[in-house]
Amino acid sequence: MRNAARRGVSVKLIVQGEPDMPIVKVGARLLYRYLVKSGVQIYEYRRRPLHGKVAVMDDHWATVGSSNLDPLSLSLNLEANLIIHDRQFNQTLRDNLQGLINKDCVRVDESMVPKRSWWNVGIGVVVFHFLRHFPAMVGWLPAHTPKLALVDPPVQPEMETQDRVEAEDGGKT
């Protein structure tokens, strides 16, 4: 994103402004200076927690799905994304995202970017390396192995119907 913005490409990023987990906001804001300094336009969606994962590139490529761009989602979670090559769909998606930016987002400016301090740099380094190595750390934990077993089919109860009762009686009742 930074490299594209530096080349003059309009790069807009919509992130959660009020996430349901405060640590998400802390993690996202650690990258604001890095991205804004390079020309990436960051918008915080403020209406409610945002869980959408979409991207539009140029007029011919889009993705919609469940994948987060973090090591946990990319290596451990079962995620799925669709890649869409359709100009009309992409234009509709782009228009909807622009409407979201216009109505429900606040653009991050320099005043919202956390000040550069030794504390913030230290936290950033720790968080970066933790997230980078998290999948390997999780791999050290004991694995859950599902146990498969054959199960007998359920017994179907016999249903007594008026027709069956009459047939067995010979129609006497």
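Preceding block: the structure.
Residues numbered from 1 in each chain as written. Predicted model: local features only at pLDDT ≥ 70, side-chain atom pairs only at ≥ 80, totals over all residues. Heavy atoms only, no water.

1. Brief notes about helix α4 (residues 87-104)
If you check α4, its first and last C-alpha atoms are 25 Å apart, about what 18 residues at 1.5 Å a residue would give, namely 26 Å. All of the buried residues along α4 are Asn90, Leu93, Ile101 and Asp104. Each buried residue of α4 sits inside an arc of 115° when the element is viewed along its axis, so together they form one side. Exposed residues on α4 whose side chains face more than 90 degrees from its buried face are Arg87, Gln88, Asn96, Asn102 and Lys103. Taken together, the buried residues of α4 touch β1 (12-16), β2 (41-45), β3 (53-57), β4 (61-65), β5 (81-84) and β6 (105-107). You can read the cap of α4 off the contacts: a side-chain oxygen lies 3.0 Å from the backbone nitrogen of Gln88, and it is on Asp86. (Helix = DSSP H or I, 4+ residues; strand = E, 2+ residues; numbered from the N terminus. Expected span 1.5 Å × (residues − 1). Buried < 20%, exposed > 50% of the residue type's maximum accessible area, 1.4 Å probe, protein only. Arc of directions from axis to C-beta. Contact = heavy atoms within 4.5 Å. Polar contact = N/O pair within 3.5 Å; in protein donor to acceptor, adjacent residues only side chain to side chain.)

2. So, the nonpolar core
Ala4, Ala5, Val11, Val15, Tyr32, Leu35, Val36, Val40, Ile42, Val108 and Val113 together form the largest nonpolar core, which totals 11 residues. Breaking this core down by element, the ones donating at least two residues are α1 (2-6) and α2 (22-36). No other element matches α2, which puts three residues into this core. If near-sequence neighbours (up to four positions away) are discounted, Val15 is found in contact with Tyr32, Ile42, Tyr43, Glu44, Tyr45 and Leu50. (Core = buried A, V, L, I, M, F, W, Y, C linked by side-chain atoms within 4.5 Å.)

That is the geometry; function is a separate question.
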